[in-house]
Structure formats: C-alpha cells, structure tokens
Amino acid sequence: MKTLNCMLAALTIAITFGAGLLNARADSLRWVCRYEAMASPSGTKQESFRLEFVFDTLTKKAVLIGNAGVSDLDVFNGNQAITFQEKLATGAIQTTTISHTDGRSVHSRHSIMNGTFVPSQYYGACK
C-alpha cells in the first residue's frame, strides 16, 4: 500500500510540475474488488481473491494492483459500467467490468499457456 501511495504522489507531482500545469491536481478513483465464485471449462467452484484498480481522472490512465504487482490498463467508461483491460504478452486479454449501479463485477481471464487456452471467469463485487 505504501508503494501505491508513493506512486500516486509521484504522479500528482509529475502532472502538477512536469507538465507545467501549476494548478492541476490529479484525482484518482479506486475500487477494491473481491471475487468469491469462479467458472471455467472444468466447472464452477468457490475461489476467493482480491484485485484493486486505480483510475486517474485527469490523465485517464489506470492500473491494476494484484498479487503479481502493478499493471497498466486500458479503460472504457460507459454509462452503466467501467471496464478495465489488461493486455498480456501472450496476446491474450483479461477484462474486468464493474457496475456503476451496485459495484457488482465480472473478471474474465482469457489466458493462454503453452498454446492452450485456460479461460476463467470470476464473479464478485467492488467498493
């Protein structure tokens, strides 16, 4: 958490001074998501894990904070939900959609390992 706070502080300083916008201030939105159910080709099961998303409203950039570290994300913010996309080196994409209404969320992993698809989908909620 300390690393994330330092990163956000550095981003604020970089935007404020580096871009010459002396009165600009970065503002970020944060979602902490908890997933309890998982579906895959082998069936459904209970599996608990957490993801955190941070979206900078000034730069329109987002990051995922997970157990593998921090990853840059693409963002699409619609009128009913916000969706984050993580592009993997394999060419696969992982997506997370969060409802603006109630925070319900779906996290989809379109993973590929050694040429074999390993898809999974997780269901939970974000605050």
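Structure report, in brief. (Residues numbered from 1 in each chain as written. Predicted model: local features only at pLDDT ≥ 70, side-chain atom pairs only at ≥ 80, totals over all residues. Heavy atoms only, no water.)

A look at the overall build of the protein chain
Applicable threshold: Runs of E in the DSSP output that reach at least two residues are strands. Runs of H or I that reach at least four are helices, and both are numbered from the N terminus. The criterion used for residue contact is that any of the two residues' heavy atoms lie within 4.5 Å. Every accessible area reported is derived by Shrake-Rupley at a probe size of 1.4 Å, with residue values counting cover from the shown protein chains alone.
Across its full length, the protein chain carries one helix and eight strands. Here the analysis covers contacts within the protein chain between residues at least 6 apart in sequence; of these, 32% occur between residues at least 24 apart. As displayed, the protein chain offers around 8,200 Å² of accessible surface, 56% of which is attributable to carbon and sulfur atoms.

A few points about the sheet that holds strand β5 (residues 81–87)
What links the strands of a sheet is backbone hydrogen bonding, and the strands pair in either a parallel or an antiparallel sense. Heads up, the rule is: Any two strands between which DSSP finds at least two bridges are classified as paired. All axes here are fitted lines through C-alpha atoms, helices being fitted over the stretch that makes contact, and every angle between N-to-C directions spans 0 to 180 degrees.
Around the barrel, which closes on itself, the eight strands sit in the order β1-β2-β3-β4-β5-β6-β7-β8 with antiparallel pairing between neighbours. For this sheet the average axis-to-axis angle between neighbouring strands, irrespective of direction, equals 30°. Across five bridges, strand β6 (residues 93–99) lies against strand β7 (residues 104–113) in antiparallel orientation. Note on β7: the bridge partner recorded for I98 is S105.

Looking at the state of the cysteines
Stated formally: A pair of cysteine sulfur atoms is labelled a disulfide when the two atoms are within 2.5 Å. Burial here depends on accessible area, computed with a 1.4 Å probe over protein chains only, as a share of the maximum for the residue type. Under 20% is buried, over 50% is exposed, and the range in between is partly exposed.
Counted according to the given criterion, the structure contains one disulfide. With a sulfur-sulfur separation of 2.0 Å, C33 is cross-linked through a disulfide to C126. Its S-S torsion of about 110° marks the bond between C33 and C126 as right-handed, since a negative value means left-handed. Of this pair, C33 sits in strand β1 (residues 28–40) while C126 is found in strand β8 (residues 116–126), placing the two residues 93 residues apart along the sequence. Each of the two residues, C33 as well as C126, counts as buried.

A look at unusual backbone geometry
Positive phi, normally seen in glycine, also occurs at K60, with a value near 65°. Relative to the elements of secondary structure, K60 occurs in the loop between β2 (43–56) and β3 (61–66). Phi is positive for N114, close to 55°, though the residue is something other than glycine. As for its placement among the helices and strands, N114 is situated in the loop between β7 and β8. With a relative accessible area of 83%, N114 lands in the exposed category.

A few points about the pairing of strand β4 (residues 69–77)
In this sheet, β4 lies alongside β3 in antiparallel orientation, the contact comprising five bridges. Of the residues in β4, the one forming a bridge with A62 is L73. From the end of β3 to the start of β4, which pair antiparallel, there are two residues.

As for the pattern of salt bridges
Selection rule: Here, a salt bridge means any side-chain nitrogen of Lys or Arg that lies within 4 Å of a carboxyl oxygen of Asp or Glu.
Throughout the structure, instances matching the rule amount to five salt bridges. The shortest N-O distance in the salt bridge between E52 and R30 comes to 3.3 Å. Highlighted residues: E52 in strand β2 and R30 in strand β1, separated in sequence by 22 residues. For E52, a relative accessible area of 3% translates into the label buried. Residue R30 is classed as partly exposed on the basis of its relative accessible area of 31%. In this structure, the salt-bridge partner of K87 is D74, at a minimum N-O distance of 2.9 Å. A residue pair is termed long-range when its members are at least 10 positions apart, and K87 in strand β5 and D74 in strand β4 qualify at 13 residues.

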